[in-house]
Amino acid sequence: MHELSIAYNIVQIADDAAREAGVERVDAVHLRLGQLSGVVSEALLFGYDIAAQGTRLEGSRLEIEDVPVVIFCAQCRAERELESIQVFCCPECGTPSMDIRSGNELEIGYVEYSDEPAHS
Ligand SMILES: [Zn+2]
């Protein structure tokens, strides 16, 4: 499963960040996920719980922020947010565009830590 390996990556990065910060437990990881990233949120959430086991992230939440697809319309000379990823046309004037400015994101926004001491 593609999402499982991504989940392991996310957990690894956040776990490393927590260790460097001297934190015992992570509350939540915020992820920016573009609509064109090809990642299925549900599968990623499922994989996250598996990947988090035995790490500082065990029991934490993965919060996914969906990043919309933005194209540049040559006609309007402006960036436009797509209403649907099925149709790569400017929502204002209908001009087709494959000049994608955002929507491929797969990045950790930030990691939330807990102040509580570890119990184990
Ligand atoms: Zn346009």
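These lines cover the structure that appears in this document, whether it is placed above or below. Counting of residues starts from 1 at the beginning of each chain's written sequence and follows it residue by residue. At least 70 in pLDDT is required for a residue's local features to be given in this predicted model, at least 80 for side-chain atom pairs to be given and counted, and no such filter applies to totals for whole chains, interfaces and linings, which use all residues. Working from all heavy atoms in the structure, the side-chain values ignore hydrogens and water.

Things to note about the sheet that holds strand 6 (residues 106-113)
Short version of the rule: Criterion used throughout: strands pair if DSSP finds at least two bridges between them. Numbered from the N terminus, helices here are DSSP runs of H or I no shorter than four residues, and strands are runs of E no shorter than two. Where helices are involved, their axes are fitted lines through C-alpha atoms of the stretch in contact, as for all axes, and angles between N-to-C directions lie from 0 to 180°. Residue contacts are counted whenever heavy atoms from the two residues lie within 4.5 Å of one another.
Overall, mixed pairing links the three strands, which are arranged 2-1-6 in an open sheet. One side of each edge strand has no neighbouring strand; the edge strands of this open sheet are strand 2 (61-67) and strand 6. In this sheet, neighbouring strand axes are inclined to one another by 20° on average, regardless of whether the strands run parallel or antiparallel. Contacting strand 1 (26-34) and strand 6, helix 1 (residues 2-20) crosses the sheet at an angle of about 45° to strand 6.

Some thoughts on unusual backbone geometry
Test applied: Relative accessible area decides the class of each residue, using a 1.4 Å probe on protein chains only: under 20% of the type maximum gives buried, over 50% gives exposed, and in between gives partly exposed.
In this model, Arg-77 sits at a positive phi of 55°, which is unusual for a non-glycine residue. Assignment of secondary structure puts Arg-77 in the loop between strand 3 (70-73) and strand 4 (78-81). A relative accessible area of 69% means that Arg-77 is categorised as exposed.

Some points on the pairing of strand 1
Keep this limit in mind: Handedness rule for crossovers: strands pointing away from the viewer, path from the first strand over the helix to the second running clockwise, crossover right-handed.
Across the nine residues of strand 1, seven count as buried, placing the element largely inside the fold. Relative to strand 6, strand 1 runs antiparallel, the two sharing seven bridges. Its bridge partner lying in strand 6, Val-29 is registered against Val-111. Chirality of the crossover, the property in question, places the unit of strand 1, helix 2 (residues 41-52) and strand 2 among those that are right-handed.

Details of the coordination of the zinc ion
Cut-off, in case you're wondering: The rule for donors is simple: N, O or S, within 2.8 Å of the metal, or within 3.2 Å if the metal is Na, K or Ca. Water isn't counted, so a site may look like it is missing partners. Every angle between 85 and 135 degrees makes a four-donor site tetrahedral, while opposite donors more than 155 degrees apart, with all other angles between 65 and 115, make a four-donor site square planar and a six-donor site octahedral; other sites are irregular.
Within the protein, the atoms that donate to the zinc ion are Cys-73 (SG), Cys-76 (SG), Cys-90 (SG) and Cys-93 (SG), at distances of 2.2 to 2.3 Å. One can describe the donor arrangement at the zinc ion as tetrahedral, given that its four donor atoms subtend angles of 103 to 114° at the metal. Along the chain, the residues donating to the zinc ion fall in the pattern C-x2-C-x13-C-x2-C. You can see Cys-73 sitting in strand 3 and its partner Cys-93 sitting in the loop between strand 4 and strand 5 (100-102), a full 20 residues away along the chain. According to the relative accessible area criterion, Cys-73 is buried, its value standing at 0%.

A word on the packing of helix 1 against helix 2
Two measures define how a pair of helices packs: the angle their axes make with one another and the distance between the axes. Here is the rule: Every angle not falling under 35 degrees, over 145, or within 65 to 115 is termed oblique; those three ranges are roughly parallel, roughly antiparallel and roughly perpendicular. The hand of a helix crossing depends on one turn: near helix anticlockwise from the far one by less than a right angle means left-handed, and clockwise means right-handed. Just so you know the grouping, Ala, Val, Leu, Ile, Met, Phe, Trp, Tyr, Cys and Pro go in nonpolar, Asp, Glu, Lys and Arg go in charged, and all remaining residues, Gly too, go in polar.
Two elements in contact, helix 1 and helix 2, have axes whose closest approach is 8 Å; the angle formed by their N-to-C orientations is 50°. The angle between helix 1 and helix 2 falls in the class oblique. Note that helix 1 runs across helix 2; the crossing there is right-handed. On helix 2, the residues touching Glu-3, Leu-4, Ile-6, Ala-7, Tyr-8, Ile-10 and Val-11 of helix 1 are Ala-43, Leu-44, Gly-47, Tyr-48, Ile-50, Ala-51 and Ala-52. A per-class count over the contact of helix 1 with helix 2 returns twelve nonpolar, one polar and one charged.

Some details on the nonpolar core
Operational definition: As used in this record, nonpolar core signifies buried Ala, Val, Leu, Ile, Met, Phe, Trp, Tyr and Cys residues forming a set joined through side-chain atoms within 4.5 Å.
Counting 19 residues, the largest nonpolar core has Ile-10, Val-29, Leu-44, Tyr-48 and Leu-57 as its most contacted members. Among the elements of the structure, helix 1, strand 1 and helix 2 are those that each provide at least two residues to this core. With six residues, the top contributor of residues to this core is helix 1.

Geometry only, nothing functional implied.
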